[in-house]
Amino acid sequence: MTEFSDLMASVARRDDAPGGDTRSNDSWRVGVSDDWLQGRTAYGGLSAALCLQAAMLQTSDLPPLRSAQLAFVGPATGELTLSPTVLRRGKSAVFVGVDCHGEAGLATRATFCFGAKRPSTLNHVDLPMPRVPALRDCKPFFRAMPGLNFTQHFDGLLAADALPFSREGAPT
């Protein structure tokens, strides 16, 4: 089983540029093990995280991430190639696009917006926490589900109602 932190650390600059010149090569590579698959493709959350990792490795001095748009276009399998491009760098925001290609072609297209902090009159700190039972009283959320290998990397508990897809009432 490949730990998430090990997978993120394994993202490496591609070294197959003509003549071995890696200075002009703006893409990254990573291999995703079968334990991260969701059916025949990498788990979407992992694909998103890999795209973000490549954007941050490629682009220096990024402000905090503010938003992300992701399109899961095709299966992310085999060795993945991540190609980040700075779309625009302004005074307070940087937009970075990342294309992730697998052995079947384009797998994920991501657009990230990184932006400097700005003052705001909105305050969401005072939102009340929902009431949930004690951890010992919650049922496990994840169970062995065929084709969803990636769930073994998560611990999850169901705080209320029925499991999704269980037909035991409406989950909330």
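Criteria and thresholds
Counting starts from 1 at the beginning of each chain's written sequence and moves along it residue by residue. Local features in this predicted model are restricted to residues whose pLDDT is 70 or higher, and side-chain atom pairs enter the listing and the counts only when it is 80 or higher, whereas totals over whole chains, interfaces and linings include all residues. Each side-chain value is derived from all of the structure's non-hydrogen atoms; neither hydrogens nor water enter the calculation. Two strands form a pair only when DSSP identifies at least two bridges running between them. Numbering of helices and strands starts at the N terminus; helices are DSSP runs of H or I of at least 4 residues and strands are runs of E of at least 2. Throughout, a residue-residue contact means that at least one pair of heavy atoms, one from each residue, lies within 4.5 Å. Here an angle of 0 to 180 degrees is reported between the N-to-C directions of two axes, which are lines fitted to C-alpha atoms, with helices fitted over the stretch in contact. The salt bridge criterion pairs a side-chain nitrogen of Lys or Arg with a carboxyl oxygen of Asp or Glu, the two atoms within 4 Å. In plain words, nonpolar cores are sets of buried Ala, Val, Leu, Ile, Met, Phe, Trp, Tyr and Cys residues tied together by side-chain atoms within 4.5 Å. For each residue, the accessible area found with a 1.4 Å probe, counting protein chains only, is set against the maximum for its type, and the residue is called buried under 20%, exposed over 50%, and partly exposed in between. A helix is expected to span 1.5 Å multiplied by its residue count minus one. For Phe, Tyr and Trp, where Trp contributes only its six-membered ring, two rings pair if their centres lie within 6.5 Å, and the inter-plane angle classes them as stacked under 30 degrees, edge-to-face over 60, or tilted in between.

## Quick word on the sheet that holds strand S5 (residues 65-72)
A sheet is described by the order of its strands in space; here six strands give the open sequence S1-S2-S6-S7-S8-S5, paired in antiparallel fashion. The sheet is open, and its two edges are formed by strand S1 (12-13) and S5, each paired on a single side. As paired strands, strand S6 (residues 79-89) and strand S7 (residues 93-102) are joined by eight bridges and run antiparallel to one another. Residue pairing across strands places Thr81 opposite His101, the latter belonging to S7. Of the strands in this sheet, S1, strand S2 (28-31), S5, S6, S7 and strand S8 (105-115) touch helix H2 (residues 44-58), which is tilted by about 60° from S8.

## Here we look at the pattern of salt bridges
Considering all chains together, one arrives at one salt bridge under this definition. Arg109 is paired through a salt bridge with Asp99; the nearest N and O atoms lie 2.7 Å apart. With a gap of 10 residues between them, Arg109 in strand S8 and Asp99 in strand S7 connect regions that are remote in the sequence.

## Considerations on the pairing of S8
Summarising the sheet, S5 and S8 pair through seven bridges and their orientation is antiparallel. Bridge assignment links Gln69 to a residue of S8, and that residue is Thr111. Strand direction decides the pairing type here: S7 and S8, joined by 10 bridges, are antiparallel. Note that in S8 the partner of His101 across the bridge is Leu106. Adjacent in sequence and paired antiparallel, S7 and S8 are bridged by two residues.

## Digging into the nonpolar core
Leu50, Leu82, Val98 and Phe112 are the most contacted members of the largest nonpolar core, which totals 27 residues. Every element with two or more residues in this core is listed here: helix H1 (4-9), S2, H2, S6, S7 and S8. Among the elements that take part in this core, H2 stands out by supplying seven residues, more than any other.

## Comments concerning H2
Along an α-helix, a turn takes 3.6 residues, which lines up residues three or four apart on a common side. Spanning 15 residues, H2 covers 21 Å between terminal C-alpha atoms, matching the ideal 21 Å at 1.5 Å per step. Among the 15 residues that make up H2, 11 are buried, leaving the element largely enclosed by the rest of the structure.

## Comments concerning the environment of Phe154
Relative to the helices and strands, Phe154 resides in the loop between strand S9 (139-140) and strand S10 (157-158). Considered as a pair, Phe154 and Phe142 are 12 residues apart in the sequence and their alpha carbons are 7.8 Å apart. With near-sequence residues (within four places) excluded, Phe154 lies in contact with Trp36, Tyr43 and Phe142.

## Considering the packing of aromatic side chains
With the rule as written, the count across this model stands at two aromatic pairs. Their ring planes at 45° and their centres at 6.3 Å tell us that Phe112 and Phe114 sit as a pair that is tilted.

## Some remarks on unusual backbone geometry
With a phi close to 55°, Asp61 is a non-glycine residue in the positive phi region. In this fold, Asp61 is placed in the loop between H2 and S5.

## Structural notes on the environment of Gln38
In this structure, Gln38 sits in strand S3 (residues 37-38). It is 9.9 Å that separates the C-alpha atoms of Gln38 and Ala76, two residues lying 38 residues apart in sequence.

## What about the side chain of Thr59?
Relative to the helices and strands, Thr59 is located in the loop between H2 and S5. When residues no more than four places from it in sequence are discounted, the contact partners of Thr59 are Val86, Arg89 and Val96.

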